Amino acid sequence: MKPRRTGRLQRATAGLAVTATLLAALHGGPATARQQAPTLPPDWQQLPSTGLDAGVSHGGHLWHVGGDGSAWRWEDAARRWTRHGSRSDFVRIDGAAGGGAAAIGSNGSLYVTDGVGAWRNTGIRAEDVGIGGGRIWLAEAVLPDGSRGLLTAPFDPSASMAWTALRDRVKRIDVDASGRVWAVDGTGALFVHADGRWIADAGAPAASDVGVGGKGSVYVVGTEQDETLGGGRLWWRAPDTGAWSALKGRLAAVTASADDRPYGVNSLGWVLAGLGVSPDVRLAAAPGSGTEPAEAEEPA
């Protein structure tokens, strides 16, 4: 798979050949056949809160946006949620390893905090945020020329960040502990940014959100939503093989912890913590052609 110029997402041909390419890019070697799914009880733990979104830092800091748009952080010592700041217009949030966080308001404004002081307005507008590997990434950000794309910078809770703009268009984004970016575009396709290029995971289910754990697990929320049951079906990608399995439970938004446990919020507003991974069914990839993948269409 040859690198493409910046500003275009690569859409890989569906199949096993693409899975092998993706695994090689992620792990620096050929794909292996081994897979061992973590085991857990089928139930999720409902946390004592309601919300719109959740974010777990790779340092273990758990945040969520309350049903009223306020920001809350879990305090392990007190075993309770503590409200952070007085704002009540947030819709998306993610935590930073050092204890800080970034949140996006209902009008798209990006705010950051060190976890101790107040929220600071960065003057940047976007639709989603992910933090990992010391960097912040923004999806559907307003670029300096007024167009939409990606923005990234070393994370600085003082709100003074040197932004780099990319023309790539994605709707949802998350970043692993090493700084590797996973993103979902407007068609529901899942991409990973590895070795300076975007690679599509052609075996992934159509997704509406993505969360990445600290040990390589990737979770996506399916696009087929049933709000009466809690949202879209949750899918898990095995780190070593790239195989996808459907999990018990439904979510509207997903994130993942440093130990690969999923967290999220469902369409009923419940904030949920997964006790592990319990595969329900396997999504099998069709044999691929092994040909050079075509470039993706621009997301809608």
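Below you will find a few notes about this structure. (Residues numbered from 1 in each chain as written. Predicted model: local features only at pLDDT ≥ 70, side-chain atom pairs only at ≥ 80, totals over all residues. Heavy atoms only, no water.)

Before going further, it helps to spend a moment on empty space enclosed by the protein. According to the stated counting rule, one finds three cavities of 30 Å³ or more in the structure shown. Residue lining of the largest cavity: 14 residues in total, with Ala54, Ile93, Val129, Ile173 and Val254 positioned closest to the centre. For the lining of the largest cavity, the secondary-structure elements that each account for two or more residues are strand E1 (44-56), strand E5 (90-95), strand E9 (128-132), strand E13 (172-175), strand E17 (207-212) and strand E21 (253-256). Residues belonging to the lining of the largest cavity are distributed by class as follows: six nonpolar, two polar and six charged. (1 Å grid on protein atoms, 1.4 Å probe; cavity = no way out; pocket = protein on both sides within 12 Å on 5 of 7 lines; lining within 4 Å. Points joined across faces, edges and corners; volume = space filled by probe spheres on them. Helix = DSSP H or I, 4+ residues; strand = E, 2+ residues; numbered from the N terminus. Nonpolar A, V, L, I, M, F, W, Y, C, P; charged D, E, K, R; others polar.)

Counting 17 residues, the largest nonpolar core has Ala102, Leu110, Val129, Ile131, Ile136, Leu138 and Phe155 as the members making the most contacts within it. Where this core is concerned, the elements lending two or more residues are strand E6 (101-105), strand E7 (109-113), E9, strand E10 (135-142) and strand E11 (148-154). Among residues more than four places away in sequence, those in contact with Val129 are Ile93, Asp94, Ala102, Ile104, Ile136, Trp137, Leu138 and Ile173. Counting residues in hydrophobic clusters, the runner-up holds 15 residues, among them Leu190, Val192, Val218 and Trp235. (Core = buried A, V, L, I, M, F, W, Y, C linked by side-chain atoms within 4.5 Å. Buried < 20%, exposed > 50% of the residue type's maximum accessible area, 1.4 Å probe, protein only. Contact = heavy atoms within 4.5 Å.)

Attention now goes to the layout of surface pockets. Put simply, the largest pocket is a space of about 350 Å³. Surrounding the largest pocket, 18 residues form its lining, Leu62, Trp74, Asp76, Arg261 and Tyr263 being those nearest its centre. Among the elements that line the lining of the largest pocket, the one with the most residues is E1, at four residues. Considered class by class, the residues forming the lining of the largest pocket number eight nonpolar, five polar and five charged.

Let us look at the environment of Ala97. Take Ala97: it is sitting in the loop between E5 and E6. The sequence separation of Ala97 and Gly59 amounts to 38 residues, and the corresponding C-alpha distance is 4.1 Å. For Ala97, the contacting residues outside a window of four places in its chain are Ser57, Gly59 and His61.

Okay, the pattern of salt bridges next. Scanning all chains against the criterion turns up twelve salt bridges. Close ionic contact of Glu140 with Lys171 constitutes a salt bridge, the shortest N to O distance being 3.7 Å. Taken as a pair, Glu140 in strand E10 and Lys171 in the loop between strand E12 (164-166) and E13 lie far apart in primary sequence, 31 residues in all. Glu140 gets classed as buried once you look at its relative accessible area, which sits at 4%. The salt bridge involving Arg237 is made with Asp201; its shortest N-O contact spans 3.0 Å. Of this pair, Arg237 sits in strand E19 (residues 231-237) while Asp201 is found in the loop between strand E16 (197-200) and E17, placing the two residues 36 residues apart along the sequence. Per residue, the accessibility class of Arg237 equals that of Asp201, and both read buried. (Salt bridge = Lys/Arg side-chain N within 4 Å of Asp/Glu carboxyl O.)

Turning our eyes to something else, we now look at the side chain of Asp201. The exposure class of Asp201 is buried, given its relative accessible area of 7%. Side-chain polar atoms of Asp201 contact the side chain of Arg237, separated by 3.0 Å. (Polar contact = N/O pair within 3.5 Å; in protein donor to acceptor, adjacent residues only side chain to side chain.)

Here we take up the sheet that holds E12. Spatially, E9-E10-E11-E12 is the arrangement adopted by the four strands of the open sheet, whose pairing is antiparallel. Looking at strand neighbours, the two that pair on one side only are E9 and E12, the edges of this open sheet. The mean inter-strand angle of the sheet, taken between neighbouring strand axes irrespective of direction, is 20 degrees. For E9 and E10, the ladder comprises five bridges, and the chain directions are antiparallel. Within E10, the residue paired with Gly130 across the bridge is Trp137. (Pairing = 2+ DSSP bridges. Axes fitted to C-alpha atoms, helices over the stretch in contact; angles between N-to-C directions.)

Read these as layout, nothing more, since geometry by itself doesn't imply function.
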